[in-house]
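In case you want the letters, here they are:
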Amino acid sequence: MSKGKYILVDGTFVPTEEYQISLVESEALHFTEKIRAIRSTFPFFNQTLDLIRFKLFLYNQSFPEFTENDGSVLKRQLERTLTKNKHYLGAILTLTLKFSGQKAVQFTIQSEKTDPVGYELNEKGLYVEIFEPIKKSISSLSHLSLGSEILWNIAKSHQKESTTDELLLINTSDQIIETYGSNIYLIKGKTAQGTSSEQGAYQDITKPLMLDVFNKLKLDYSDSKGITKSDLYEAEELLIVNSIKGIRWVIGFEDKRYFNHTIRKITDLFNQLIFS
């Protein structure tokens, strides 16, 4: 992936290499959302817009310029950024909203080219292991990135010591709940198993679509009991899903190996439903 040469800062383009933030900006409250662009479309845009509205509400902020009229102004700013950086096919956009005191909400938008252009299943499976040093507590924010990013960043800092591709995070009950910014699902026979907010698991905006996929494939889905290490060993397939990278196949956990027969069907239907 290659980052764009320009960053959109409050409506004005600034060369990426020249962009700097002030001390006041560095101390401001902020949150970031990533948005996938595939040619002229933004999959999960409406869901992301709802999430932005909710996070602004939590911070007692409003930003009608972006959130009203179905996010038409926000979409236009995203399109401008892609055009300026000549990212016409596939890209990931990073939107950051900053606010300090009574000052108006400030924003930046950056884009980064992706390859492949769309959501494609990884042909080389991922290897995962459980991250145990810190366990995630259940809270009113644990289902959001706002309540999860600190743990993700800590886990990522340990990633360099691991030979695996992803670390599985656990809650205080030793249930496996998520990876960085992604939901996890197990497939066994005609059943699919996931995680819920009641277990403190992050809930990616792709989850409603995934439930629709499972239903259409006649997979009996449940997330009521959580996922244990034993479940990982009993599963036949394991996948990781989010709105930026789509569906990723996990091939191995410790000495357990997973297939991807059903995952391929899930991926095909996932892509069909997004653009239908």
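Along each chain, residue indices are assigned from 1 in the same order as the chain's sequence is written. Since the coordinates come from a predicted model, pLDDT governs what is reported: local features require at least 70, and pairs of side-chain atoms require 80 or more to be given and counted, while whole-chain, interface and lining totals use all residues. Side-chain figures throughout are based on the complete set of non-hydrogen atoms in the structure, without hydrogens or water.

Peer 1: Hey, could you go over the layout of surface pockets for me, with residue numbers and the actual values?
Peer 2: Think of a 1 Å grid over the protein atoms and nothing else: a 1.4 Å probe that fits but is trapped marks a cavity, an open set flanked by protein within 12 Å on at least five of seven lines marks a pocket, and residues with an atom within 4 Å of a point count as lining. Grid points are joined across faces, edges and corners, and a volume is the space filled by probe spheres set on the points. The computed volume of the largest pocket comes to approximately 1,000 Å³. In terms of lining residues, the largest pocket is bounded by 35 residues, among which Lys34, Tyr180, Asn242, Ile244 and Lys245 are the most central. Going through the elements one at a time, β3 (29-38), α2 (45-58), α5 (149-159) and β13 (246-253) are the ones with two or more residues in the lining of the largest pocket. Each residue is assigned to one class: nonpolar for Ala, Val, Leu, Ile, Met, Phe, Trp, Tyr, Cys and Pro, charged for Asp, Glu, Lys and Arg, and polar for all the others, Gly among them. Split by residue class, the lining of the largest pocket holds 11 nonpolar, 11 polar and 13 charged. A run of H or I in DSSP becomes a helix once it reaches four residues, and a run of E becomes a strand once it reaches two; helices and strands are each numbered from the N terminus.

Peer 1: Please provide a residue-by-residue account of the packing of aromatic side chains, values included.
Peer 2: Geometry of aromatic contacts follows a simple scheme: Phe, Tyr and Trp rings, the Trp one being its six-membered ring, pair when their centres are within 6.5 Å, and the pair is stacked under 30 degrees between planes, edge-to-face over 60, tilted otherwise. Within the structure shown, the criterion is met by 15 aromatic pairs. Look at Phe42 and Phe45: their rings are 6.2 Å apart centre to centre, the planes differ by 45°, and that puts the pair in the tilted class. The class for Phe42 is buried, based on a relative accessible area of 11%. Accessibility here uses a 1.4 Å probe with only protein chains present; expressed as a share of the type maximum, an area under 20% marks a residue as buried, one over 50% as exposed, and anything in between as partly exposed. Overall, Phe45 belongs to the buried group, its relative accessible area being 4%. Seen in terms of ring centroids, Trp152 and Tyr202 are 5.0 Å apart; in terms of plane orientation they differ by 90°. Their pairing is edge-to-face. With Trp152 in helix α5 and Tyr202 in the loop between β10 (191-193) and α6 (207-216), this residue pair connects regions lying 50 residues apart in the sequence. Tyr202 shares its class with Trp152; the two are buried. Criterion for a charge above a ring: Lys NZ or Arg CZ within 6 Å of the ring centre, and within 35 degrees of the ring normal. In this structure, Lys75 is placed above the aromatic ring of Phe45, and the distance from its NZ or CZ to the ring centre is 4.6 Å.

Peer 1: Residues and numbers for the sheet that holds strand β1 (residues 6-9), please.
Peer 2: Taken in spatial order, the 5 strands of this open sheet run β2-β1-β5-β4-β3, and their pairing is antiparallel. A single partner strand is all that each edge strand has here, and the edge strands are β2 (12-15) and β3. Strand-to-strand twist across the sheet, computed as the mean angle between neighbouring axes with direction ignored, equals 25°. Direction of pairing for β3 relative to strand β4 (residues 90-99): antiparallel, over a ladder of 10 bridges. Pairs of strands are assigned from DSSP output, requiring at least two bridges between the strands. Note on method: axes are straight lines fitted to C-alpha atoms, helices fitted across the in-contact stretch only, with angles between N-to-C directions ranging 0 to 180 degrees.

Peer 1: Run through unusual backbone geometry, naming residues and quoting values.
Peer 2: Trans peptide bonds make up the majority, and among non-glycine residues the majority have a negative phi. In the segment running from Asp115 into Pro116, the intervening peptide bond is cis, with an omega of 15°. Counting through the fold element by element, Pro116 comes out in the loop between β5 (106-113) and β6 (126-136). Phi at Arg39 is positive, roughly 55°, even though this residue is not glycine. Its place among the elements puts Arg39 in the loop between β3 and α2. Even without being a glycine, Lys218 presents a positive backbone phi close to 60°. Inspection of the secondary structure assignment puts Lys218 in the loop between α6 and β11 (220-222).

Peer 1: Describe in detail α6, supporting the description with residues and values.
Peer 2: For α6, every residue scored as buried is listed here: Lys207, Leu209, Met210, Val213 and Phe214. Burial along α6 is one-sided: seen end-on, the buried residues are contained in an arc of 155°. Residues of α6 that are exposed and point more than 90 degrees away from the buried face comprise Pro208 and Asn215. Its buried side turned inward, α6 meets β9 (183-188), β10, β11, β12 (237-242), β13 and α8 (261-274). With its phi angle positive at about 60°, Lys218 sits one or two positions after the end of α6. Picture the helix axis, draw a direction to every C-beta atom, and the arc is the one those directions span. Contacts are assigned to residue pairs that have any heavy atoms within 4.5 Å of one another.

Peer 1: Explain empty space enclosed by the protein to me, and be specific about the residues and the numbers.
Peer 2: Within this structure, the stated rule accounts for 2 cavities of 30 Å³ or more. The volume enclosed by the largest cavity comes to roughly 50 Å³. Taken together, Val9, Asp10, Tyr19, Glu25, Lys98, Gln106, Phe107 and Thr108 form the lining of the largest cavity. The greatest single-element share of the lining of the largest cavity, amounting to 3 residues, is contributed by β5. Looking at side-chain class alone, the lining of the largest cavity contains 3 nonpolar, 2 polar and 3 charged residues. One number sums up the size of the second largest cavity: a volume of about 30 Å³. Lining of the second largest cavity is provided by Val24, Glu25, Ala28, Ser100, Lys103 and Gln106. Residue composition of the lining of the second largest cavity, by class: 2 nonpolar, 2 polar and 2 charged.

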